[in-house]
Structure formats: structure tokens, C-alpha cells
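# Coordinate inspection notes
These are the residues of each chain, in order.
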Amino acid sequence: MPEKRPTLRALGGRGVTIAVPKGRILKPLADLLEKVGVRREALLADDRTLMREDREAGVSFLLLKPDDVPTYVEYGAADLGVVGRDVLLEREYDLYAPVDLGIGRCRMMVAGLPDRPAPPRTLRVATKFPNIAAAHYARRGIPVEIIFVQGSVELAPITGLADVIVDLVESGETLRQNGLVTFETICDVSSVVVANRAALKLKRDAIAPILAALEPARAATTDARTASPGTRRASRSAG
Ligand SMILES: Nc1ncnc2c1ncn2[C@@H]1O[C@H](COP(=O)(O)OP(=O)(O)OP(=O)(O)O)[C@@H](O)[C@H]1O
Ligand SMILES: O=P(O)(O)OC[C@H]1O[C@H](OP(=O)(O)OP(=O)(O)O)[C@H](O)[C@@H]1O
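Residues numbered from 1 in each chain as written. Chains lettered and ligands numbered in written order. Predicted model: local features only at pLDDT ≥ 70, side-chain atom pairs only at ≥ 80, totals over all residues.

Looking at an unreviewed UniProt entry, the protein carries the name ATP phosphoribosyltransferase, with the source organism given as Sandaracinus amylolyticus. Among the UniProt annotations of the protein, the heading Pathway (unreviewed entry) holds the following wording: "Amino-acid biosynthesis; L-histidine biosynthesis; L-histidine from 5-phospho-alpha-D-ribose 1-diphosphate: step 1/9." (UniProt positions renumbered as here; feature names shortened; annotations may be inferred.)

What follows is the structure, encoded as C-alpha cells:
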């Protein structure tokens with residue numbers, strides 16, 4: 001007999017707007033939300049609509065650039081959001097972050113060319129995360145020049161733009177294929193649910209059951225990952 005899962009509507013999740021990132025997190029998020037009764041197609045529709053909904057579940061989704069998710073939630077344009085910890089660490093937001101979803105797992109790391117001697121000047125660090133990188137080197141008491149880049153960060157040490165990079169590493173494959181190695185881990189990253197503080201109070205009856213439903217779904221996802229040999233291999237090669 002097929003497993004019967006409670007829908008968010010049955011749990012009380014009505015009229016809740018959730019800001020979600022439209023990149024690599026969307027599919028794992030759809031897998032996770034399916035466990036709490038949200039139709040996958042509601043999130044993964046093959047079209048260019050940016051606002052989608054699952055009427056039965058009583059939730060609508062705003063598809064956003066990852067960096068914009070906390071902004072929509074902080075200002076109340078969305079009640080909840082899903083965002084990587086990297087985004088929350090890079091800028092300050094007034095948000096409540098009650099649930100770690102355990103998806104989008106990767107690490108913020110320092111990487112560069114192997115066996116490169118220390119430069120005879122201030123260390124240059126290229127990154128999409130200038131605040132995280134600056135805070136890391138400030139904690140270590142190392143003066144650095146931060147060079148902001150938007151992507152393809154791995155090119156910076158190869159071309160001489162910078163000595164090292166601070167970037168996200170998941171499998172380590174991008175580093176490996178570009179001849180770079182990791183030097184240190186700054187922090188672990190995963191995607192969390194963030195909530196608008198006012199909505200949490202005013203829409204408590206609708207939001208609390210969603211957060212409660214996501215907790216066990218998250219735990220199931222984490223267990224599945226732990227059981228996967230592929231996942232273990234991937235994380236070892238990142239070091
Ligand atoms: N290689 C990765 N493996 C796992 N998670 C990652 C990886 N890179 C990024 N993430 C996580 O996924 C989130 C979204 O990343 P994604 O690559 O979809 O967007 P982006 O490249 O940051 O933004 P943009 O849409 O502007 O390209 C990041 O904020 C981070 O938490
Ligand atoms: O360890 P891996 O599994 O190889 O993943 C790491 C890569 O993923 C991210 O880049 P993304 O794919 O988002 O491209 P970007 O250069 O546009 O940021 C990150 O910036 C690394 O380049």
C-alpha cells in the first residue's frame with residue numbers, strides 16, 4: 001500500500017509564501033518538500049514562471065536568485081525562505097533560522113595552487129564571499145587584499161589574479177580539474193529555512209506546522225545521505 005503522507009494543508013499550512021533559490025538547490029528541495037506533501041511539479045515546472053503554487057498544500061513559491069532569498073523574507077514579501085548558510089554568513093539579515101534542511105551540503109574552503117611559496121607582499125584572496133574571507137583572515141591575524149569576483153573563481157590563482165581563493169567546495173572536482181588543492185576549511189555549509197519574524201508570530205498557525213513537518217523530512221534526507229557510499233566518496237575527495 002502506498003505510504004500516506006499528511007499534506008501541508010492537512011497540517012494547517014495555508015497561505016504561506018516560501019522564497020526558494022532557483023539554481024542547484026531546487027531539485028533536492030522539491031524531493032524534500034514532496035515528503036511533506038508538496039507536488040514536485042509545483043516547484044519544478046518546466047516553464048519560466050517565477051511564482052508557483054501548490055493549492056492543495058496551501059503554499060506558493062517565489063523562485064529567486066539565492067542571494068535575494070533572505071531579502072524577500074526579511075522584508076516580508078515571503079514568509080519563509082530556503083537559503084545556504086554561506087549567503088547568511090556573507091551579509092547580516094534580521095531573520096529567524098529554525099530548521100537546517102541538510103541539503104546543498106558543501107564547505108567554504110581556502111584553495112590554491114599546490115606548493116606555491118608565500119608571496120613577498122600582502123596575500124591576495126579572490127572570492128565571491130568577501131565578508132566571509134575577510135572575517136576568516138582577520139580571525140587569523142593575517143592581512144589580506146580581497147579581490148571580489150562573481151564566479152569561475154578557480155581561474156584567479158591560475159592566472160595570477162590572486163594567490164588563493166575562498167570558495168564553496170562540494171565534490172572537489174572543479175578544484176581538481178583546474179589543478180588546485182584545498183588548504184583549509186572555513187565552515188560547513190547547508191541550506192536552512194529562514195522565517196520572517198513578524199510572520200512567525202502573525203501566521204504562527206500556518207507556519208509552525210510547516211517547520212514541524214520539515215524536521216522529520218530533513219532527518220530522513222540526512223539518513224539517506226549517510227547510507228550512500230557515493231556521498232561518502234564525494235566528501236572525502238573534497239578534502
Ligand atoms: N558546489 C556546490 N555544491 C553544493 N552546494 C552548493 C554548491 N555551490 C553552491 N552551493 C549551495 O547552493 C546555493 C545556491 O548555489 P547556486 O550555484 O544555485 O547559485 P549561485 O551560483 O550562488 O547563484 P547564481 O544563481 O547567481 O549563479 C549556494 O548558496 C550554496 O549554499
Ligand atoms: O566541488 P565541486 O562539486 O566541483 O563544486 C564547487 C563549485 O561549485 C560552485 O560553482 P558553480 O557551479 O556555482 O559555478 P560558478 O563558478 O558560476 O560559481 C563553486 O563556486 C565551485 O566552483
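### Concerning the nonpolar core
Core analysis: the biggest nonpolar cluster contains 36 residues, and I18, V73, L80, V82 and V193 have the highest contact counts within it. Of all the secondary structure elements, the ones that give two or more residues to this core are β1 (16-21), α2 (26-34), β3 (59-64), α4 (69-74), β4 (80-84), β11 (191-195) and α10 (204-226). Those residues in contact with V193 that sit more than four places away from it in its chain are L80, V82, A97, P98, V99, L101, L211 and L214. Formed by 19 residues, the second largest nonpolar core is a distinct cluster that contains M109, A111, A126 and V164. (Core = buried A, V, L, I, M, F, W, Y, C linked by C-beta atoms within 7 Å. Buried ≥ 20, exposed ≤ 12 C-beta atoms within 10 Å, placed from the backbone. Helix = DSSP H or I, 4+ residues; strand = E, 2+ residues; numbered from the N terminus. Contact = placed C-beta atoms within 7 Å.)

### Some details on the pairing of β4
Of all five residues in β4, five are buried; the element is thus mostly enclosed. Burial along β4 is two-sided: L80, V82 and G84 and G81 and V83, pointing in opposite directions, are all buried. Direction of pairing for β1 relative to β4: parallel, over a ladder of two bridges. Pairing of I18 across the sheet is with L80, part of β4. Pairing analysis gives five bridges linking β4 to β11, with the strands arranged antiparallel. From the neighbouring strand, V83 faces β11, where its bridge partner is V192. (Pairing = 2+ DSSP bridges.)

### So, the site of ligand 2
Taken together, G151, S152, V153, E154, D167, L168, V169, E170, S171, G172, E173 and T174 form the complete shell of residues around ligand 2. Secondary structure elements with two or more residues in the shell around ligand 2: β9 (164-169) and α8 (173-177). (Near = placed C-beta within 6 Å.)

### Section: the site of ligand 1
Among the 15 residues in the neighbourhood of ligand 1, the closest are listed as G23, R24, G84, C106 and E170. Classifying every residue of the shell around ligand 1 by side-chain character gives seven nonpolar, four polar and four charged. (Nonpolar A, V, L, I, M, F, W, Y, C, P; charged D, E, K, R; others polar.)

### Focus: the sheet that holds β9
Read from one edge of the open sheet, five strands run β8-β7-β9-β6-β10, paired in mixed fashion. Because the sheet does not close on itself, it has two edges, and the strands there are β8 (144-148) and β10 (181-189). Across this sheet, the average inter-strand angle for adjacent strands is 25 degrees, counted without regard to direction. Strand direction decides the pairing type here: strand β6 (residues 106-112) and β10, joined by seven bridges, are antiparallel. Bridge pairing in β10 places R107 opposite D188. Sheet strands touched by helix α6 (residues 130-140): β6, β7 (123-127), β8, β9 and β10. Its angle to β8, the strand with the most contacts, is close to 170 degrees. (Axes fitted to C-alpha atoms, helices over the stretch in contact; angles between N-to-C directions.)

### Remarks on the sheet that holds strand β5 (residues 96-100)
Note on sheets: strands pair through backbone hydrogen bonds, and any given pair is parallel or antiparallel. If you trace the six strands from one edge of the open sheet to the other, you get β2-β3-β1-β4-β11-β5, paired in mixed fashion. Edge strands, defined here as strands with exactly one partner in the open sheet, are β2 (51-54) and β5. Strand-to-strand twist across the sheet, computed as the mean angle between neighbouring axes with direction ignored, equals 30 degrees. When β2 meets β3, the two strands line up antiparallel, connected through four bridges. Across the sheet, the residue bridging to M51 is L62, located in β3.

### Observations regarding the domain arrangement of the protein
What the domain assignment lists for the protein is domain 1 (8-105 + 190-237) and domain 2 (106-188). Between domain 1 and domain 2, the contact holds nine residues from the first and nine residues from the second. The set of elements that each furnish at least two residues to the side of domain 1 that touches domain 2 consists of α5 (85-90) and α11 (229-237). Among the elements that line the side of domain 1 that touches domain 2, the one with the most residues is α5, at three residues. For the side of domain 1 that touches domain 2, the residue count by class is two nonpolar, three polar and four charged. (Domains from an automatic or database assignment.)

### Some thoughts on the environment of R39
Among the structural elements, R39 can be located in the loop between α2 and α3 (40-44). Overall, the presence of 18 C-beta atoms within 10 Å leaves R39 in the partly exposed class. Spatially, the C-alpha atoms of R39 and D54 are 6.7 Å apart, while their sequence positions differ by 15 residues.

### Observations concerning the pairing of β11
Counting buried positions along β11 yields five of five residues, so the element is predominantly enclosed. Burial along β11 is two-sided: the face carrying S191, V193 and A195 and the face carrying V192 and V194 are both buried. Pairing geometry for β5 and β11, over three bridges, is antiparallel. Directly across from V99, in β11, lies its bridge partner V193.

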